[in-house]
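In case you want the letters, here they are:
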Amino acid sequence: MARGTRQYLLNNSTLSGLTAGHPATIDCPVSPEIVHVSDFEYSEGGVAATRAVMEAAWEKLELLLNNNIFGEYLVPDLLKMNDFYGETFVDGFLSLFFTQDYRENSLDAERHAFVPGAYRNPKFRLHLNAGRVAPALKNFLVAEGAGESGRRTIATSPGKGVTPLVRHEVQTIKLTDSGNVPTSFIYDPTTEYIRSLNFEGDNITRIDIKINGVVRYSYRSLTRLNELLKKSRAVAVPQADTWHINFELLGGSVDAIYQPAFKQVVGGQVQQFARDEIEISIYAGNTNDVRLLAEHLDRPVARAN
């Protein structure tokens, strides 16, 4: 990625459908070429939305690429993970971060920046809940130009502008046992990388993760897990009653993000990618549901040239 002046620009592209109870769609301009942050400024009746108003007003944010939904982010989850990564909520602004500025250097920070020109019809879509009065929405982009050679590259070889982008996956885990007997299940995400697994539940007492039948992660103290997270370069802010198994931060590097697929060599020939079998065991004080909020990193498909 190019490293130059970051601009803060009002996105003047088409905004359509800002009506309570309906989704609002904002086109993402091809230029500027590199987007670090997308800020959605929201107010009601001319008053900047507090966190409570933001969560009440918006159900979710979607990133659309190539006319398909690439990522879906429930607003409370987006705010929660921003908090975890040390990003301060500012009244009136819902922020989707692509660049991670806490990383060791600018190259790593921009490893997952967003290049809209690499895709067809990049858009943001926000789902506004019913009953909102006098809503107003603007989109600002923290952006950086790619330079002349970068623009030529994206124009002729859009695949070179594709980076893995963060998306969320949420599931409810129905616990069947408690105490010294865990609830175990196979976790099989269709994803390129797993950035983090965030288990939400005040009843959790221990989490084990087996990789291909061998326990590789065994956390038996939430306090200790949180201390390990805080030792990373990031200013990790663990959230209440959440076990953040964040591979990047626990490994101290962006390269520690977990990749569940690997090349399988048979008879000296590289076969199709094989996938690790991931088995998760949750120990808990009762059988209340546990919610899993996973951060995945997937590489979208580039537009055809």
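Residues numbered from 1 in each chain as written. Predicted model: local features only at pLDDT ≥ 70, side-chain atom pairs only at ≥ 80, totals over all residues. Heavy atoms only, no water.

In this section: the overall build of the chain. When you go through the chain residue by residue, the secondary structure sums to six helices and 20 strands. Computed over its C-alpha atoms, the radius of gyration of the chain comes to 20 Å, within 12% of the 19 Å expected for a compact globule of 305 residues. By principal-axis analysis of the C-alpha atoms, the chain measures approximately 55 × 55 × 35 Å. By residue count, 49% of the 305 residues in the chain fall in the buried class. Taking as baseline every contact in the chain between residues at least 6 positions apart, the subset at least 24 positions apart corresponds to 77%. Working note: accessible area of the chain is about 14100 Å², and carbon and sulfur atoms make up 48% of it. For the chain, the distance from the average position of its 31 positive side-chain charges to the average position of its 36 negative side-chain charges is 5 Å. (Helix = DSSP H or I, 4+ residues; strand = E, 2+ residues; numbered from the N terminus. Rg over C-alpha atoms; globule rule 2.2 N^0.38 Å. Buried < 20%, exposed > 50% of the residue type's maximum accessible area, 1.4 Å probe, protein only. Contact = heavy atoms within 4.5 Å. Areas by Shrake-Rupley, 256 points an atom, 1.4 Å probe, with all protein chains shown as cover. Lys, Arg positive; Asp, Glu negative; His and termini not counted. Charge placed at Lys NZ, Arg CZ, Asp CG, Glu CD.)

With that out of the way, let us pick up the environment of Ala-274. By the element assignment, Ala-274 lies in strand E18 (residues 269–275). Spatially, the C-alpha atoms of Ala-274 and Leu-63 are 29 Å apart, while their sequence positions differ by 211 residues.

Turning next to the nonpolar core. Tyr-187, Leu-197, Phe-199, Ile-280 and Ile-282 are the most contacted members of the largest nonpolar core, which has 33 residues in total. Beyond its immediate stretch of four places on either side in the chain, Phe-199 contacts Ile-173, Ile-204, Ile-207, Asp-241, Thr-242, Trp-243, Ile-245, Ile-280, Ile-282, Val-290, Arg-291 and Leu-292. (Core = buried A, V, L, I, M, F, W, Y, C linked by side-chain atoms within 4.5 Å.)

This next bit is on the sheet that holds strand E2 (residues 15–16). To summarise the sheet geometry, strands pair through backbone hydrogen bonds and adopt either a parallel or an antiparallel arrangement. In space, the five strands of this open sheet follow the order E2-E3-E9-E6-E7, with antiparallel pairing throughout. The two strands at the open ends of the sheet, each matched to only one other strand, are E2 and strand E7 (68–74). Bridge count between strand E6 (residues 58–65) and E7: six bridges; the pairing is antiparallel. Among the inter-strand pairings, Glu-62 is bridged to a residue of E7, identified as Glu-72. Here helix H2 (residues 75–84) sits on the sheet and contacts E6 and E7; the angle it forms with E7, its principal contact strand, is near 70 degrees. (Pairing = 2+ DSSP bridges. Axes fitted to C-alpha atoms, helices over the stretch in contact; angles between N-to-C directions.)

All right, on to the packing of aromatic side chains then. This model, assessed by the stated rule, comprises 10 aromatic pairs. When the ring of Tyr-85 is compared with that of Tyr-102, the centres are 5.7 Å apart and the planes differ by 0 degrees; the resulting orientation is stacked. Separated by 17 residues along the polypeptide, Tyr-85 in the loop between H2 and strand E8 (93–97) and Tyr-102 in the loop between E8 and helix H3 (106–109) bring together distant segments of the chain. Measuring from ring centre to ring centre gives 6.0 Å for Phe-114 and Tyr-119, while their planes differ by 20 degrees; the resulting arrangement is stacked. In this structure Tyr-119 comes out as buried when scored by relative accessible area, which is 3%. Three or more aromatic residues link up through ring pairs in this structure, and these residues are Phe-40, Phe-98, Phe-114, Tyr-119 and Phe-124. Stacked on the ring of Phe-89, the Lys or Arg Arg-51 has its end atom at 5.8 Å from the ring centre. (Phe/Tyr/Trp six-rings, centres within 6.5 Å; stacked < 30°, edge-to-face > 60°. Lys NZ or Arg CZ within 6 Å of the ring centre and 35° of its normal.)

Another point: the pairing of strand E15 (residues 214–219). Two strands pair when backbone bridges link them, and strand E14 (residues 204–211) and E15 are joined in this way by five bridges, in the antiparallel orientation. Directly across from Asp-208, in E15, lies its bridge partner Ser-218.

Along the chain, Asp-208 turns up in strand E14. According to the relative accessible area criterion, Asp-208 is buried, its value standing at 8%. In sequence terms Asp-208 and Ile-280 are 72 residues apart; their C-alpha atoms lie 5.9 Å from each other. Setting aside its immediate chain neighbours within four residues, Asp-208 contacts Val-215, Tyr-217, Ser-218, Tyr-219, Glu-279, Ile-280, Ser-281 and Tyr-283. Side chain to side chain, Asp-208 and Arg-206 meet in a polar contact 2.7 Å long. Here the side chain of Asp-208 touches Ser-218 through a polar contact of 2.6 Å, side chain to side chain. (Polar contact = N/O pair within 3.5 Å; in protein donor to acceptor, adjacent residues only side chain to side chain.)

Moving on to the sheet that holds E15. The strand order across the open sheet built from four strands is E12-E19-E14-E15, with neighbouring strands paired in antiparallel fashion. Since the sheet does not close on itself, it has two edges, and those belong to strand E12 (183–187) and E15, each with one partner. Each neighbouring strand pair of the sheet contributes to a mean axis angle of 20 degrees, computed without reference to strand direction.

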